Structure formats: structure tokens, C-alpha cells
Amino acid sequence: MSITYRLLSYTRGAALYRSVLGRYPTQREILSIQWRLMTRPRELERQINAMITSPEFWEMQAPDLLWNPEQEWAGQKVAFVHIPKTAGTSITSSLQQSMGVAPMVMYKRTRTTFQALNAVRYYPLIAGHQFRISDVPPEHEVITSLRYPLSRMLSQYRQSQHNRAEVKHNGHFARTPQEGISPKRYFKRQQMSFSDYLCDSLPRFRSYAWYFARAESPRSSYMYGDQVSASAIAGEISEATDRVSAILTAGGPSNLESQLAEALGKNITLPKANVRTSADVEDKPVQLTLDELEQMRAYALKDWAVIEALQESGRIKGLAREGEMEDFQRTAERLNFILPARLSA
């Protein structure tokens, strides 16, 4: 085959991914589709069919395509700031059922998130990891959720192990992982030990303070590994605290479903989604040491600065310090972690 024909097939394949899925193809995807377009009749039609029926298309592209920006929305618009591993997938599903409209999801990492949010400000329901409370258009009520920090760290580790199949089949995440690292390093994390995870990966994860920070704060700040005082965090989040309509607490004294029902002013059902257990996959048991636990507690200080500031302002009532270790032990058992024999509270 001529070089011209190969280049044409390459260009057509890349254009197909851009136009249907809204992203560039991975190297493996472009090589595969290039070969098929060159060797199989009617392959273009088959590829389009496969793309528009894929979960990626319906999750990432369809909501924007199906919603008419001229359509009037009589109800309150909602933006759900989805902090990872805080029951956010269940909350998003419940909001979708309650409002009767699929969310405009923003889980892709982008340098123009704020501009993207303003572009979809007409949309009734927005949800995602990639924007702060301060980014949300003023027309939207803001809802977010928190949980005990130590339990969240365990869940994040297991999630990073389980994500391989999801990343493989969804190029949005493969091309732009949540923490902004390369796909090669992202896949490497799925085989890393918990000790390496604490030293290498967790410092790059966003603490609660990142989501509550002011709009002018650098996007690279408030990661777990950053050196920042609790008092600085408390002063930083006051503006966002006033902007949030409801802050839900998973693991708090009141049921998460009743908290969301109160925020929406209607009865809702909260499905269990994206809940990981050791029975889901063959997870190897992880033995935690007291040193690792102390390292986690040091990282969690940023989260606790946010939680305690919210408690002092009366915005949340749950997540008391004395309940953290009980919740941590339950989460560790569910996710196949072995705790130290002399676990200190």
C-alpha cells in the first residue's frame, strides 16, 4: 500500500476519534483503526457504530449532544463537586434520578476547566472531579461530600489497582488520568506496594483543601505532599464554604441518603455504586504498619483542617475525630487490609 493511502487512513482514524469521542486516540487505537480502515470494506461504518454505542460515548459525549441549550430548565441547577472516594458516584446517580437528566460529566483533566464550565452553564446538572467549588457558575447550587480521610486513602489505593480495565476501555481516563500523570506511570501504580503508594503517589493526590480553595490559588497547590499550615487552609476555604449549598458526610451520624434528600427537598434513593470490596477482585491482603499509619495521619492533617473549619462554622455535624478509627477499621476489613496488632488510636 502506498504511503499516501496509509497517511489518509491514519488521518481518518484520528479524525473519527476526535469527532465522535472528543479525544485523540491512543497509539494502540490509531494503529488498530488504521489497519482496519486499509484492509476491511465498510470499516468506517462499523467503527462509528462501535463508538456511538460504547460506554465512553454515553458517559462523556452524549449528555452535551442530547441537551438543547435553548431549552428552559424550570428547576434549580446543581453542580456536584465530586471529591474522589467520598460516595460521589452514588450521589451523582441519585441526582440524575431525582432531576431526570443525565449529568454533564467533567472528569477529564483540562487547563481550561473554568472556561468549559462557563460553556455548559446552561446545563442543569454538572458533576466531576476536575473543578473547584469556586469554578462553578453562579446559576448552580453546589453540593459536595466528605468522608473520614484515612478511610478515603485506603479506598483510593484499591481504586487505583482496580482502574486498569476502566482506563483501558475509556481513553478519556487513559489519556488524562485524574492526577495528571502519564498513562505509563498510571498503570505502574496499579502494581505498586502500599508503602510505595504512600511515598510516591499519595503526595500528588488532591486534599479536601484543593476543592475548597479560592479561584486564584494555583491548581498545583493543596496536594497531600504540600507543606501548608492548618490555619492557612482554614483562611483559604471561607469563600467556598459560603458558596456551597450542602456538604454531605459519608460515615457521619446521619444517613447519607437522608442528607441528600434534605438538600434536594424531596425523597430520593441512593444507590450503592463504585463500592469496592475484597470480593470484587482477587486483592492481595495488605499488611499496614504503625509507621505507615502515622504517615497517613500526617497527610490527613490537611483534610482535617477543612473538616474542623466546616464544623466550627456549623456547616457539617459529622466526622467527629473520635469516630475515625472505628470507620477506618471497618474500611480496612472490607478492603482486605491487615491492621497492626497494637493499633494506636
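Conventions used here
- Residues numbered from 1 in each chain as written.
- Predicted model: local features only at pLDDT ≥ 70, side-chain atom pairs only at ≥ 80, totals over all residues.
- Heavy atoms only, no water.
- Core = buried A, V, L, I, M, F, W, Y, C linked by side-chain atoms within 4.5 Å.
- Buried < 20%, exposed > 50% of the residue type's maximum accessible area, 1.4 Å probe, protein only.
- Helix = DSSP H or I, 4+ residues; strand = E, 2+ residues; numbered from the N terminus.
- Axes fitted to C-alpha atoms, helices over the stretch in contact; angles between N-to-C directions.
- Parallel < 35°, antiparallel > 145°, perpendicular 65-115°, else oblique.
- Left-handed = near helix turned anticlockwise from the far one by under 90°.
- Contact = heavy atoms within 4.5 Å.
- Nonpolar A, V, L, I, M, F, W, Y, C, P; charged D, E, K, R; others polar.
- Phe/Tyr/Trp six-rings, centres within 6.5 Å; stacked < 30°, edge-to-face > 60°.
- Pairing = 2+ DSSP bridges.
- pLDDT = per-residue confidence, 0-100.

Enquirer: It is not clear to me how the nonpolar core should be interpreted in this structure. Could you clarify?
Expert: In globular proteins that are soluble, nonpolar side chains generally tend to be buried together. Counting residues in hydrophobic clusters, the biggest one holds 74 residues, and the most contacted among them are Leu146, Leu154, Phe194, Phe212 and Phe337. At 10 residues, helix H17 (residues 290-312) tops the list of elements feeding residues into this core. Leu16, Leu21, Ile33 and Phe57 belong to the second largest nonpolar core, which has 10 residues in total.

Enquirer: Is there a simple way to explain the packing of H17 against helix H18 (residues 324-334) in this structure?
Expert: A packed helix pair is summarised by two numbers, namely the angle formed by the two axes and the spacing between the axes. Axis separation between H17 and H18 bottoms out at 14 Å; the angle between their running directions is 120 degrees. Comparing their axes, H18 and H17 come out oblique. In the crossing of H17 with H18, the sense of the turn from one axis to the other is right-handed. Packed against H17, whose contacting residues are Leu293, Met296, Arg297 and Trp304, the element H18 presents Glu324, Met325 and Phe328 at the interface. By residue class, the composition of the contact of H17 with H18 is five nonpolar, no polar and two charged.

Enquirer: Whenever I open this one, the packing of aromatic side chains confuses me. Can you help?
Expert: Two aromatic rings, taken as a pair, are described by how far apart their centres are and by the angle between their planes. The tally for this structure, following the rule as stated, stands at nine aromatic pairs. Between the aromatic rings of Phe194 and Phe337, the centroid separation amounts to 5.4 Å while the plane-to-plane angle is 70 degrees, which identifies the pairing as edge-to-face. Here the residue Phe194 occupies a position in helix H12 (residues 194-201), and Phe337 occupies one in strand S7 (residues 337-338), the gap between them amounting to 143 residues. A connected cluster of aromatic rings, assembled from ring pairs, spans Tyr157, Phe194, Tyr197, Phe205 and Phe337.

Enquirer: Would you explain the sheet that holds strand S3 (residues 125-128) in this entry?
Expert: Whether parallel or antiparallel, the strands of a sheet pair through hydrogen bonds between backbone atoms. The strand order S2-S3-S1-S4-S5 describes an open sheet built from five strands, whose pairing is parallel. Each having just a single partner strand, strand S2 (104-105) and strand S5 (244-250) make up the two edges of the open sheet. With two bridges joining them, S2 and S3 adopt parallel strand pairing. Within S3, the position partnered with Met104 by the bridge is Ile126. Against the sheet, helix H6 (residues 88-99) contacts strand S1 (77-81), S3, strand S4 (140-147) and S5, and its axis sits at roughly 170 degrees relative to S1. Most of the contacts of helix H16 (residues 256-264) go to S5, to which it runs at about 170 degrees, and overall it touches S4 and S5.

Enquirer: What is the right way to look at the side chain of Thr241 in this model?
Expert: Along the chain, the position of Thr241 falls in helix H15 (residues 238-243). Contacts of Thr241, omitting those with residues within four sequence positions, involve Phe212, Leu310, Ser313 and Arg315.

Enquirer: How do you make sense of the confidence of the model for the chain when you look at a structure like this?
Expert: Note that predicted coordinates carrying low pLDDT should not be read in detail. Of all residues in the chain, 76% have pLDDT values of 70 or greater, and the mean over the chain is 79. When the elements of the chain are averaged for pLDDT, helix H10 (residues 171-175) gives the smallest value, 43, and S4 the largest, 95.

Enquirer: Where do I start with the environment of Leu154 in this structure?
Expert: Among the secondary structure elements, Leu154 is positioned in helix H8 (residues 149-162). Along the chain, Leu154 and Met296 lie 142 residues apart, while their C-alpha atoms are 9.5 Å from each other. Dropping the residues within four chain positions of it, Leu154 is found in contact with Phe194, Leu288, Met296, Phe328, Thr331, Ala332, Leu335 and Phe337.

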